[in-house]
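# Observations on the model geometry
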Amino acid sequence: WTFIDAGGLETGWSLQTANGPSGQTLDHYYLPADASYNDWAVSPSYDTSSLSDATVSYFEECVFCDDSDGHNVYYSVDYAGDATTATWVALFEGVNTAAEDTWVSSSYSVPSAESVVLAFNYVGTFGANWNVDNVCIDGTLSTTDTELLDMRIYPNPTSSMINVQFDRDIELTL
């Protein structure tokens, strides 16, 4: 993960251990109330091009949720190292107040692409703890069936020998 401050101050993001469900979490910690924060936690690039119905899921928990303006979640397919110039697509914007003092799960669709980058963006003047855990990209591996074979396998069930019959000559390696 890369931590970026786009507001001119030191970022409040860090990796912490033994805080969440998996033992290590992305944490945006409490910061002074007299400064404006625009902090980004940006993921490595993920190749989702071989997935259909790709999703990102994660757990989040916050303390003093109302003291922040945004716990935004985005993805980009053109991120090149600068969070302020990438094209970000919102998965969630706002603050999930259901996560106040408890871990809740969220899941969103992401595109099938060679490079998908996720970002958790903390925005606010007041400090609030925002903890993110178990970020997971999931989906169904795509396959392309180029040819269907008409074949029979028998007997079924069997205990020691099977017969495989095809409708044409094929090369088979066992």
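Residues numbered from 1 in each chain as written. Predicted model: local features only at pLDDT ≥ 70, side-chain atom pairs only at ≥ 80, totals over all residues. Heavy atoms only, no water.

If you tally the helices and strands in the protein chain, you get zero helices and 12 strands. The order of α-helices and β-strands along the protein chain, N terminus first, is β-β-β-β-β-β-β-β-β-β-β-β. A total of 174 residues make up the protein chain; the buried ones form 34% of that total. Of the contacts made within the protein chain by residues no fewer than 6 positions apart, 72% connect residues no fewer than 24 positions apart. (Helix = DSSP H or I, 4+ residues; strand = E, 2+ residues; numbered from the N terminus. Buried < 20%, exposed > 50% of the residue type's maximum accessible area, 1.4 Å probe, protein only. Contact = heavy atoms within 4.5 Å.)

Attention now goes to the state of the cysteines. Summed over all chains, the structure comprises one disulfide. Between C62 and C65 runs a disulfide, and the two sulfur atoms are separated by 1.6 Å. In this structure, the disulfide formed by C62 and C65 twists by about 55 degrees around the S-S bond and is classed as right-handed. For C62, a relative accessible area of 0% gives the class buried. (Disulfide = S-S within 2.5 Å.)

For the rest of this paragraph, the subject is the packing of aromatic side chains. Enumeration according to the criterion identifies eight aromatic pairs in this entry. On the numbers, 6.0 Å between centres and 45 degrees between planes, the contact of W1 with F120 is tilted. Highlighted residues: W1 in the segment before β1 (2-5) and F120 in strand β9 (residues 116-124), separated in sequence by 119 residues. F120 gets classed as buried once you look at its relative accessible area, which sits at 1%. With 5.7 Å between their ring centres and 45 degrees between their planes, Y79 and W88 make a pair best called tilted. For W88, a relative accessible area of 17% translates into the label buried. Through successive ring pairs, a cluster of aromatic residues spans W1, Y58, Y108, F120 and W130. (Phe/Tyr/Trp six-rings, centres within 6.5 Å; stacked < 30°, edge-to-face > 60°.)

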